[in-house]
Amino acid sequence: MLNYIWLFLIALALIVGVGKDINDELQNTYQNGVPLEVLFLSSQTPSGTAMKWEGHFYLTAKQFNDFYRTTSQFEEVKQPVVISLSSDGTGSFLFSSADMTPARWKEMSKSASAKDKLMGKVEKIEFSDDKSWAKAQILFEPIRFVKLKAITQAAIDFANTAVEIAFGLIGVMALWLGLIKVAEEAGFVKVLTRLLTPITKRLFPDIPSDHPAIGAIIMNTAANMLGLSNAATPIGLKAMEELNKLNPKAGTATNAMVTFLAINTGGLILIPATAIAVRAASGSANPGIIIGTAIFGAGCATITGVVASKILQRLPKYKKDLNEEKKIAKENDHG
Amino acid sequence: MADLFRSIINLISIFAIPLMIAVFLGWGFFKKVRVYEVFVEGAKDGFNTAIRIIPYLVAMLFAIGIFRASGAMDLLVSIISPVTNLIGMPADTLPMALMRPLSGSGSLGIMTELMKAHGPDSFVGVLASTMYGSSETTFYVLAVYFGSVNIKNSRHAVPVGLLADLAGMLGAVFICRILFRI
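What this report covers is the structure whose coordinates are included nearby.

Cut-offs used in this document
- Residues numbered from 1 in each chain as written.
- Chains lettered and ligands numbered in written order.
- Predicted model: local features only at pLDDT ≥ 70, side-chain atom pairs only at ≥ 80, totals over all residues.
- Heavy atoms only, no water.
- Phe/Tyr/Trp six-rings, centres within 6.5 Å; stacked < 30°, edge-to-face > 60°.
- Helix = DSSP H or I, 4+ residues; strand = E, 2+ residues; numbered from the N terminus.
- Buried < 20%, exposed > 50% of the residue type's maximum accessible area, 1.4 Å probe, protein only.
- Core = buried A, V, L, I, M, F, W, Y, C linked by side-chain atoms within 4.5 Å.
- Contact = heavy atoms within 4.5 Å.
- Buried area = accessible area lost by both parts, 1.4 Å probe.
- Salt bridge = Lys/Arg side-chain N within 4 Å of Asp/Glu carboxyl O.
- Nonpolar A, V, L, I, M, F, W, Y, C, P; charged D, E, K, R; others polar.
- Pairing = 2+ DSSP bridges.
- Axes fitted to C-alpha atoms, helices over the stretch in contact; angles between N-to-C directions.
- Parallel < 35°, antiparallel > 145°, perpendicular 65-115°, else oblique.
- Left-handed = near helix turned anticlockwise from the far one by under 90°.

### Thoughts on the packing of aromatic side chains
Next, step 1: Here the structure, examined in full by the defined rule, presents 16 aromatic pairs over all chains.
Next, step 2: Consider the rings of phenylalanine 93 of chain A and phenylalanine 140 of chain A, whose centres lie 5.3 Å apart with planes at 90°: the pair is edge-to-face. Residue phenylalanine 93 of chain A is found in strand β4 (residues 91-96), and its partner phenylalanine 140 of chain A is found in strand β6 (residues 133-140); the two are separated by 47 residues along the sequence. One exposure class covers both phenylalanine 93 of chain A and phenylalanine 140 of chain A, and it is buried.
Next, step 3: The interplanar angle of 25° and the centroid separation of 6.1 Å between the aromatic rings of phenylalanine 296 of chain A and phenylalanine 174 of chain B together place this pair among those described as stacked. Of this pair, phenylalanine 296 of chain A sits in helix α11 (residues 290-312) while phenylalanine 174 of chain B is found in helix α9 (residues 157-180), placing the two residues in two different chains.
Next, step 4: One aromatic cluster is present, formed by Phe40, Phe57, Phe64, Phe67, Tyr68, Phe93, Phe95, Trp105 and Phe140 of chain A through successive ring pairs.

Next comes the structure, spelled out in structure tokens:
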């Protein structure tokens, strides 16, 4: 099933991306080749021979929305810009995408020739007598294939992110695997597992109740509930390694693994710290109000996951996998 | 009551890791384990486990990354929103529900946007943050956990994970509608 979902995500992304780009081209969403009338408010008159003007492009929200046929701009546009003029009164402009840049221009700047900068030609410019402002006619560089460029960038960026995440795990992995090894040798994990045997033997009937996997599962669940994700992931991976030692067929998930992941992805956490922090940062009067509701939601997810794992593992389709595994394991034993 | 619960849990979270280090090593020393040598022995596997995850994580994150970049989410939302409207789930929170199992950073971004647009104490704001707290990033967990032991055939893990996420999101809508519906 992972095959299909994976392929679905990729295929949908490519189809929608191409579709949107074709639509942009037909609708001329970015008004390629259409000059825009703006007001240029200069803040610094050029000195010396270089004809570089610094100032702002000014447009009312209505002018902007009319030009791009949207309704997305609510505030007047005041975009800092640098204009270079030649002696015949034409020239070029360049600005960087910043916070107050309209969303449409931000979007355009992402796939412009210089990343996060937009440039174009100044076709006509008429200064006022005191040179403090000018009426200008500007033409942006053509913007095309925005989504396909974004998809290409995302593919590369996220491949890098994956490696960064994995590398970031090395240190904490080593720390926790070391600590757990000591706890195991000292027999601490056995004491821990004995306490929870009544629960764990129901959840994981295939695993001997004093197996190190059970200890790791308990510690992983506890760390997750406390929101200690730095500790939870290494311990969880340790649990997977232990579960895999009981796996009759390498490369195929066992029932216990799926049940364990159901508990893990249910995401039961006593204090949803990230959500609370974001609420507090956006000025909530009561950021912690979601503790109860989030525990309820995660409880629903966890219980459903565990029950679903127990029911689905009996489906002929998945059971057949397991039986075949066992048969193969037996053959291997005899051979 | 809720505040007391929160400060107790916060306290436990702060003490948990120092306490675990102390108990594990102390117990080991008491049981005459050669703690330093055993620690190093165990820590050796850290590197290999982390490196083993890379191909699985690249496959998963790149697919989710291009999905996010393409704007396909808007399309999914427009297809699914007629159904979710029926159960009283605001259409604005649907991207949150769909993104939560796929990407942690993506759903964090959506939650932050929703709070900016609607306010953190609005129904949408409360529901979005409840949804964020109601589930883990299922596909990330699947990739990392199965990847670490080279599991390629995940059997029923994906349907189980998706059913759990569905239940988590529906549970969040249900409880928020009961408690916070104005």
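Now, onward.
### Observations regarding the nonpolar core
Soluble globular proteins tend to bury their nonpolar side chains together.
Next, step 1: Core analysis: the largest hydrophobic core is formed by 108 residues, its most contacted members being Leu243 and Phe260 of chain A together with Phe67, Met131 and Phe146 of chain B.
Next, step 2: Of the residues forming this core, the biggest block, twelve residues, is contributed by helix α4 (residues 146-185) of chain A.

### Quick notes on the interface of chain A and chain B
Next, step 1: With 106 residues of chain A in contact, the opposing surface of chain B contributes 100 residues.
Next, step 2: The junction of chain A with chain B conceals about 8,500 Å² of combined surface from both sides, 79% of it contributed by carbon and sulfur atoms.
Next, step 3: Run the count over chain A and chain B and you get two salt bridges.
Next, step 4: A salt bridge links lysine 20 of chain A to aspartate 74 of chain B; its shortest N-O distance comes to 3.5 Å.
Next, step 5: Considering each element in turn, the side of chain A that touches chain B owes the most residues, 27 residues, to α4 of chain A.
Next, step 6: Residues belonging to the side of chain A that touches chain B are distributed by class as follows: 70 nonpolar, 28 polar and eight charged.

### Some thoughts on the sheet that holds strand β2 (residues 52-59) of chain A
All names here are of chain A.
Next, step 1: Around the barrel, which closes on itself, the six strands sit in the order β1-β2-β3-β4-β5-β6 with antiparallel pairing between neighbours. Each strand of the sheet is rotated relative to its neighbour by a mean of 45°, with strand direction disregarded.
Next, step 2: Here strand β1 (residues 36-44) runs beside β2; their pairing, made up of five bridges, is antiparallel. Bridged to phenylalanine 40 within β2 is phenylalanine 57.
Next, step 3: Lying on the sheet, helix α2 (residues 61-68) is in contact with β1, β2, β3 (77-85) and β6; it crosses β2 at an angle near 85°.
Next, step 4: Relative to the sheet, helix α3 (residues 103-110) contacts β1, β2, β3, β4, β5 (117-127) and β6, its axis offset from that of β5 by approximately 120°.

### Some details on the side chain of asparagine 224 of chain A
All names here are of chain A.
Next, step 1: Here asparagine 224 is to be found in helix α7 (residues 212-225).
Next, step 2: Overall, asparagine 224 belongs to the buried group, its relative accessible area being 17%.
Next, step 3: If sequence neighbours within four positions are ignored, asparagine 224 has contacts with Ala232, Asn264, Leu268 and Ile269.

### Regarding the pairing of β3 of chain A
Residue and element names in this part refer to chain A.
Next, step 1: Side chains of β3 alternate between two faces, with Val77, Gln79, Val81, Ile83 and Leu85 buried and Lys78, Pro80, Val82 and Ser84 left unburied.
Next, step 2: Note that β2 and β3 share eight bridges and pair antiparallel. Considered in β3, the bridge of glutamate 54 is made with valine 82.
Next, step 3: Across four bridges, β3 lies against β4 in antiparallel orientation.

### Overview of the side chain of threonine 49 of chain B
Next, step 1: Tracing the chain through its elements places threonine 49 of chain B in helix α3 (residues 45-70).
Next, step 2: Residue classification places threonine 49 of chain B among the buried positions, given a relative accessible area of 3%.
Next, step 3: Once residues within four sequence positions are removed from consideration, threonine 49 of chain B is found in contact with Met173, Leu177 and Leu237 of chain A together with Ser148 of chain B.

### Quick word on the packing of helix α8 (residues 229-245) of chain A against helix α9 (residues 255-266) of chain A
Residues and elements named next belong to chain A.
Next, step 1: Interhelical geometry of α8 versus α9 gives an angle of 165° and a closest axis separation of 10 Å. The orientation of α8 relative to α9 falls into the category roughly antiparallel. Here α8 and α9 pass one another in a crossing that is right-handed. Residues Gly236, Ala239, Met240, Leu243 and Asn244 of α8 form the contact with α9, whose participating residues are Ala256, Met257 and Phe260.
Next, step 2: Its residues assigned to classes, the contact of α8 with α9 comprises six nonpolar, two polar and no charged.

### Observations concerning the pattern of salt bridges
Residue and element names in this part refer to chain A.
Next, step 1: Scanning the entire structure with this criterion turns up ten salt bridges over all chains.
Next, step 2: Among the ionic pairs, lysine 115 bridges to aspartate 116, the shortest N-O distance being 4.0 Å.
Next, step 3: Its relative accessible area of 34% is what places aspartate 116 among the partly exposed residues.
Next, step 4: Several salt bridges share partner residues, and in doing so they unite Glu184, Lys238, Glu242 and Lys245 into one network.

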